[in-house]
Amino acid sequence: MPSGPRTALTRRAVLDAAAEVVRRDGPDALTMRGLAAELGTAVTSIYWHVGGREALLDALVERTMAGLGEIRPSGHTPEQRVLGVARALRRRLRDHPHLVALVHERGLTERMFLPAQRALVGEAHAAGLRGARAAEFVRAVQFQVVGHVLVERQRERAPAQRPGEEELWGAEDAGGDPALARALARPADTERLFTTAVRALVRALLAPHVDP
């Protein structure tokens with residue numbers, strides 16, 4: 001027996017389902033027939049709402065970039081606000097790796113980062129940075145975030161390591177510092193490392209500049 005009237009298909013529902021397929025299995029797994037099966041509808045309905053597969057991918061890319069555009073600084077100090085922007089950017093990059101890769105493949109990476117860069121420009125100007133120093137500030141924070149995410153992803157996707165960190169570090173390997181050896185043998189706290197690195201970077205970049 002039918003479970004009840006089917007909810008009318010919408011463009012948003014199509015994009016939500018397509019984004020979930022890409023998030024789960026990557027862009028190569030997204031087919032119009034597969035998406036229609038996921039939604040319990042005909043392929044022609046998908047075409048009517050979003051066009052062909054390339055148009056669908058374009059729409060997903062636009063939506064991904066729009067989501068990155070929602071980053072807004074918050075906090076009482078420049079350090080807090082920049083850390084907030086960095087955390088938001090990291091979270092979006094980590095939550096949607098396949099969609100971010102899709103943006104990159106379509107040559108739109110710089111445009112994708114523009115909203116976060118604009119937020120960082122505002123903080124650089126508020127801190128009194130201008131010109132090349134402001135540009136260095138913006139790019140250093142962006143590169144720190146992206147680099148951290150790439151390392152996190154690489155560690156998460158790597159095969160089991162033999163020997164692991166817990167077997168590699170002894171007191172003699174850590175310069176006779178047993179506490180350091182124990183710390184390095186434990187799994188990395190990537191959230192804490194990220195916060196520590198961004199804070200240190202921001203403090204260094206906002207410190208009074210002295211010409212050599």
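Preceding this paragraph is the structure being described.
Residues numbered from 1 in each chain as written. Predicted model: local features only at pLDDT ≥ 70, side-chain atom pairs only at ≥ 80, totals over all residues. Heavy atoms only, no water.

A few points about the overall build of the protein
Counting its secondary structure elements, the protein contains 11 helices and zero strands. Taken from the N to the C terminus, the helices and strands of the protein come in the order α-α-α-α-α-α-α-α-α-α-α. For the protein, whose C-alpha radius of gyration is 22 Å, the value lies well above the compact-globule estimate of 17 Å for 212 residues. The principal-axis extent of the C-alpha atoms belonging to the protein is close to 70 × 50 × 30 Å. Counted over contacts in the protein with a minimum sequence separation of 6, partners at least 24 positions apart contribute 67%. Carbon and sulfur atoms make up 54% of the accessible area of the protein, which totals about 13200 Å². (Helix = DSSP H or I, 4+ residues; strand = E, 2+ residues; numbered from the N terminus. Rg over C-alpha atoms; globule rule 2.2 N^0.38 Å. Contact = heavy atoms within 4.5 Å. Areas by Shrake-Rupley, 256 points an atom, 1.4 Å probe, with all protein chains shown as cover.)

Here we look at the pattern of salt bridges
Counted by the stated rule, this structure contains 15 salt bridges. A salt bridge links D16 to R63, with the shortest nitrogen-to-oxygen separation between them at 2.7 Å. Of this pair, D16 sits in helix α1 (residues 11-25) while R63 sits in helix α4 (residues 53-68), placing them 47 residues apart in sequence. Note on D16: relative accessible area 37%, which makes it partly exposed. Taking relative accessible area as the criterion, R63 reaches 32% and is therefore assigned partly exposed. For R111, the salt bridge identified is with E62, shortest N-O distance 3.1 Å. On the criterion of sequence distance, the pair formed by R111 in helix α7 (residues 109-126) and E62 in helix α4 is long-range, its members being 49 residues apart. Bridged by salt links that share partners, the residues R87, R90, R94, E152, E156 and E191 form one connected network. (Salt bridge = Lys/Arg side-chain N within 4 Å of Asp/Glu carboxyl O. Buried < 20%, exposed > 50% of the residue type's maximum accessible area, 1.4 Å probe, protein only.)

Digging into the packing of helix α5 (residues 78-95) against helix α11 (residues 190-206)
Running from amino to carboxyl end, α5 crosses α11 at an angle of 135°, the nearest separation of the two axes being 10 Å. For the element pair α5 / α11, the angle class is oblique. The handedness of the crossing between α5 and α11 comes out as right-handed. Of the residues in α11, those touching α5 at P78, E79, V82, L83, A86, R87 and R90 are T190, E191, F194, T195, V198, R199, V202, R203 and L206. Of the residues belonging to the contact of α5 with α11, the class tally is eight nonpolar, two polar and six charged. (Axes fitted to C-alpha atoms, helices over the stretch in contact; angles between N-to-C directions. Parallel < 35°, antiparallel > 145°, perpendicular 65-115°, else oblique. Left-handed = near helix turned anticlockwise from the far one by under 90°. Nonpolar A, V, L, I, M, F, W, Y, C, P; charged D, E, K, R; others polar.)

A word on the layout of surface pockets
Here the largest pocket is characterised by a volume of approximately 380 Å³. Among the elements of the structure, α6 (97-105), α7 and α8 (131-157) are those that each provide at least two residues to the lining of the largest pocket. Here the lining of the largest pocket is composed, by residue class, of nine nonpolar, three polar and two charged. (1 Å grid on protein atoms, 1.4 Å probe; cavity = no way out; pocket = protein on both sides within 12 Å on 5 of 7 lines; lining within 4 Å. Points joined across faces, edges and corners; volume = space filled by probe spheres on them.)

Thoughts on the packing of aromatic side chains
Going through the model one piece at a time under the given rule, you end up with zero aromatic pairs. Positioned above the aromatic ring of F194, the side-chain terminus of R90 is 4.9 Å from the ring centre. (Phe/Tyr/Trp six-rings, centres within 6.5 Å; stacked < 30°, edge-to-face > 60°. Lys NZ or Arg CZ within 6 Å of the ring centre and 35° of its normal.)

Re the side chain of Q117
Take Q117: it is sitting in helix α7. A distance of 2.7 Å separates a polar atom in the side chain of Q117 from a polar atom in the side chain of Q142. Here Q117 is in contact with E110, V138 and Q142, once residues within four sequence places are set aside. (Polar contact = N/O pair within 3.5 Å; in protein donor to acceptor, adjacent residues only side chain to side chain.)

Keep in mind these values describe shape, not function.
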